[in-house]
There are 2 protein chains.
Amino acid sequence: MLIPNMNYANLKDSYLFYNISKKTEAYLKKNVLIQKTYRLGIGDVSLPLCSAVISALHSAVDDQSKKDSFMGYMPECGAPFLREAIAKHYEKRGVALSADEVFVSSGASDELGDILDLFDKSSSALVIEPAYPAYVDANIIAGREIVHYHASEEDSFAPYPDNNITADIIYICSPNNPTGAVYSRDKLKAWVDFANRNKSIILFDAAYEAFIEDEDIPHSIFEIEGANTCAIEICSLSKTAGFTGTRLGYTIIPKALERNGMRFNDMWVRNRTTKTNGISYIIQKGAAAVFTDEGQRQIKENIQVYKNNAKVLTDALDKIGIWYCGGKNAPYVWLKCPNDMSSWEFFDYLLENIQVIGTPGAGFGENGDGYFRFTTFGDTEDTKTAAQKLVELLK
Amino acid sequence: MLIPNMNYANLKDSYLFYNISKKTEAYLKKNVLIQKTYRLGIGDVSLPLCSAVISALHSAVDDQSKKDSFMGYMPECGAPFLREAIAKHYEKRGVALSADEVFVSSGASDELGDILDLFDKSSSALVIEPAYPAYVDANIIAGREIVHYHASEEDSFAPYPDNNITADIIYICSPNNPTGAVYSRDKLKAWVDFANRNKSIILFDAAYEAFIEDEDIPHSIFEIEGANTCAIEICSLSKTAGFTGTRLGYTIIPKALERNGMRFNDMWVRNRTTKTNGISYIIQKGAAAVFTDEGQRQIKENIQVYKNNAKVLTDALDKIGIWYCGGKNAPYVWLKCPNDMSSWEFFDYLLENIQVIGTPGAGFGENGDGYFRFTTFGDTEDTKTAAQKLVELLK
């Protein structure tokens, strides 16, 4: 008899966004006069794709309509034009990569799941919590031991490693989802040294790097000396260029990265050629437009809109005098619930009083309780009204 | 220390298409007067996307350019409009599915790799060879025992199950890659009964179903009674609608499919919500156009072009008197190499004498040696010239 992967039975039911929508629905049903809610919950972009990307997508669709320009199977690890454009983009910030250290993916979440195929089941996974829930769940599905590592207000939600622990796979997300915290060069260096010493591998989730504005905060783990021998970087255009529904990401696996005589770059080539047939030509052409000068200029305009939203929210929290982090180099604002409320109590309190919807911190790990996440990806007018209502309610 | 997944070391190097291109290059370098080769090797389509799909793609790109129609994150298991269109498509051929038994994927090869996440590592995988090499390789990466099951001329390369063996995961591809063989209703029923009896799961690769013309050949395993409790079907628009470089597939997991108290449909929902963020909105809109009446009419025109190529090739083989299968309900023609040549000998013979490039059967499993695959996806004029040259050389 075929035995299913019974690790699925060890997954906790994930009710976070489901509960948010159920609670919102129930509230609106009971309060029929309420017409409007202010949605600062789910981390999804609201601005359309920039015009450079739109033109490139149309042009690629046209290519697919004519025999002479029609593209069949794409190279499994990514189209050379896109791998090269991404490698050049890294070069601009001082990270030297060859194009074949860049792998094109369907997105960071897809790749964060798939990449675990490179590691033995016996390897443990360290997750710095609060965290994106899929880090834990993907490893539960694989049957791995999870090392829960708690970030806190004391370390601004970006902790140093603890030399008393060990772990094989280490997740670091900077700028962080959900806390908006950023890891300084110094902190990242400590994690890189820790990983090299223990022969661990860091999975560096750089999905929000485009929001960094402070010059001394690294955008890439490969800005840190020694990362070449201990890190894989997973990035995405979802937040950088509004690709959440268009889908494209990329992954950097240095050729120098090996354990036990196995080179992870070679292994990933073999994985991709076995388990995929490449990423859509059309989407790869759209993505390449992001890395042109005009594309970079246009995506920065959109990012600035979200940054302005962040400023509106953090100004409000400053007025109220609530502790928070994030919002400056990150599209998330992470705040301490006032009056010792639990994060779900605060959720209800905001919904019932000012119809503002955020995400309870408890959804990102046990130690997220008592905290709350706002995203800055929402509509600008809604964000302004929500901020105003927050001040009126809480000041 | 992190231990890599050492199963990668058990993979045999896959030199099939690499060797084909190296040998071709070397030949052309030595024979500078040769200007032209006839490529019937790689199974990639050559006709552009049909106009219904092109219009839908353009319109979806336009949606992504405007705030009001912009689509962010798509539902992880597929857009409802596409899941419903696919369920209705199955209904037309008498297979009743609910939309949430349909999962949208990036393509069949992607899904064939990912889906193994549902099964325990201890489960064995039966591969009917000659076969698409990724079936074996994906299971080697997962550390599974492979049961090599040999198809042969005697069973027209579509064997019945052998009741003396057991296996947990069973791959069936019909119409078959590489042999073009099709499984009759009777044969599929035997495999379904075998799987239900042994509590195995059939992974049914239906990527070439659109090429079936005989009315009594099932397009879907779910046309067979009992398949609901033992099968997962993986399909793709790659060959159906020329999506090899555009990427979209779909997977059917019946709600009735369970083992050990675990429902695979629920598990796959959990897998997709953990390990993906859905498939590109643009590509899903393009795919939905395939399932409209106009889309169906247009893709059938393209398929007819490939079927005409098949006829040209099989007519030539009939003239020569070479044994073959496929070509009628399938886009591949699988032939016995003449004069007891090995498949690589025959490859060299064709390249050197008539510059026709096919795929040696040995690349699809040990028992594929002595056989050879032609695809019918090539250019029509090239296919005609190749067929003529074949007749002149071999008759």
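In this text the structure is predicted, and so the values were computed from the model without any measurement.

A.B. asks: Please give an account of the overall build of chain A that cites residues and values.
C.D. replies: Broken down by element type, chain A carries eleven helices and 15 strands. Taking 395 residues into account, the globule formula puts the C-alpha radius of gyration at 21 Å, and chain A, at 21 Å, falls close to it. Structurally, chain A occupies a C-alpha span of about 55 × 55 × 55 Å along its principal axes. Counting across all 395 residues of chain A, residues that qualify as buried make up 63%. Restricting the contact set of chain A to residue pairs at least 6 apart, pairs at least 24 apart contribute 73%. Carbon and sulfur atoms provide 48% of the accessible area of chain A, an area that totals close to 14,600 Å². Computing the positive centroid from 40 side-chain charges and the negative centroid from 52, chain A places the two 3 Å apart.

A.B. asks: I'd like a rundown of the relation of the copies chain B and chain A, residues and numbers included.
C.D. replies: Aligned on chain A, chain B shows an RMSD of 0.0 Å; the corresponding rotation is 180° and the shift along the axis is 0.0 Å. The transformation just described matches what one would write down for a two-fold rotation axis. In terms of C-alpha distance to the rotation axis, chain B has His58 of chain B as its closest residue, with the C-alpha 3.1 Å off the axis.

A.B. asks: Quick one: what's the story with the pairing of strand β12 (residues 332–336) of chain A, residue by residue and with numbers?
C.D. replies: Residue and element names in this part refer to chain A. Most of β12 is tucked away, with four of its five residues classed as buried. Pairing of strand β11 (residues 324–326) with β12, which is carried by three bridges, proceeds in the antiparallel orientation. Counted as the bridge partner of Cys325 is Trp334 from β12. From the end of β11 to the start of β12, which pair antiparallel, there are five residues, and Gly327 there has a positive phi angle of about 90°. Relative to strand β15 (residues 371–375), β12 is paired through five bridges, and the arrangement is antiparallel. Looking across to β15, one finds that Val333 is bridged to Phe374.

A.B. asks: Break down the sheet that holds strand β11 (residues 324–326) of chain B for me, citing the residues and quoting the values.
C.D. replies: Within a sheet, each strand pairs with its neighbour through backbone hydrogen bonds, oriented either parallel or antiparallel. Residue and element names in this part refer to chain B. Sheet architecture is open: four strands sit in the order β11-β12-β15-β14, paired in antiparallel fashion. Edge positions in the sheet fall to β11 and β14 (359–360), since each of these pairs with one other strand and no more. Lying on the sheet, helix α9 (residues 293–320) is in contact with β11, β12 (332–336) and β15 (371–375); it crosses β11 at an angle near 160°.

A.B. asks: Talk me through the interface of chain B and chain A; I want residue IDs and the actual numbers.
C.D. replies: Every contact between the two is made by 80 residues of chain B and, on the other side, 79 residues of chain A. Applying the counting rule to chain B against chain A returns four salt bridges. Note that Asp379 of chain A is salt-bridged to Lys67 of chain B, the shortest N-O span being 2.9 Å. Counting across the chain B and chain A interface gives 37 residue pairs in polar contact (both at pLDDT 80 or more). Mapped onto the side of chain B that touches chain A, the elements with two or more residues apiece are α2 (51–63), α4 (108–114), α5 (133–141), α7 (264–275) and α8 (281–290) of chain B. With six residues, α7 of chain B is the single largest residue contributor to the side of chain B that touches chain A. The residue makeup of the side of chain B that touches chain A, split by class, is 34 nonpolar, 26 polar and 20 charged.

Cut-off values and rules
Every chain is numbered on its own, with residues counted from 1 as its sequence reads. Here chains are named by letter from A upward and ligands by number from 1 upward, in the order in which they appear as written. Given that the model is predicted, a residue must reach a pLDDT of at least 70 before its local features are reported, and side-chain atom pairs must reach 80 or more before they are shown or counted; all residues, however, enter totals for whole chains, interfaces and linings. Side-chain numbers come from the whole structure's heavy atoms, not from hydrogens or water. Here a strand is any run of E in DSSP of at least two residues, a helix any run of H or I of at least four, and the numbering for each starts at the N terminus. Within these notes, the globule rule equals 2.2 Å times the number of residues to the 0.38 power, and the radius of gyration is based on C-alpha atoms. Only protein chains enter the accessibility calculation, which uses a 1.4 Å probe; a residue is then buried when its area is under 20% of its type maximum, exposed when over 50%, and partly exposed in between. In what follows, residue pairs with any heavy atoms lying within 4.5 Å of each other are defined as contacts. Computed with a 1.4 Å probe, the accessible areas rest on the Shrake-Rupley method; for each residue, only the protein chains presented here act as cover. Counted charges follow a simple rule, with Lys and Arg positive, Asp and Glu negative, and His plus the chain ends left uncounted. Every charge is mapped to an atom, namely NZ of Lys, CZ of Arg, CG of Asp or CD of Glu. When the copies are superposed, the least-squares fit takes in the C-alpha atoms of residues with a pLDDT of at least 70 in both. The pairing criterion for strands is at least two bridges between them, as found by DSSP. Only the stretch in contact is used when a helix axis is fitted, and all axes are lines through C-alpha atoms; the angle between N-to-C directions ranges over 0 to 180 degrees. Within this document, salt bridges are pairs made up of a side-chain nitrogen of Lys or Arg and a carboxyl oxygen of Asp or Glu, the two lying within 4 Å of each other. Counted as a polar contact is a pair of N or O atoms within 3.5 Å, where, for protein atoms, one must be capable of donating a hydrogen and the other of accepting one, and residues adjacent in sequence contribute only when both atoms are in side chains. When residue character is reported, Ala, Val, Leu, Ile, Met, Phe, Trp, Tyr, Cys and Pro are called nonpolar, Asp, Glu, Lys and Arg charged, and the others, Gly included, polar.

Honestly, that's just the spatial picture; any functional story needs more than this.
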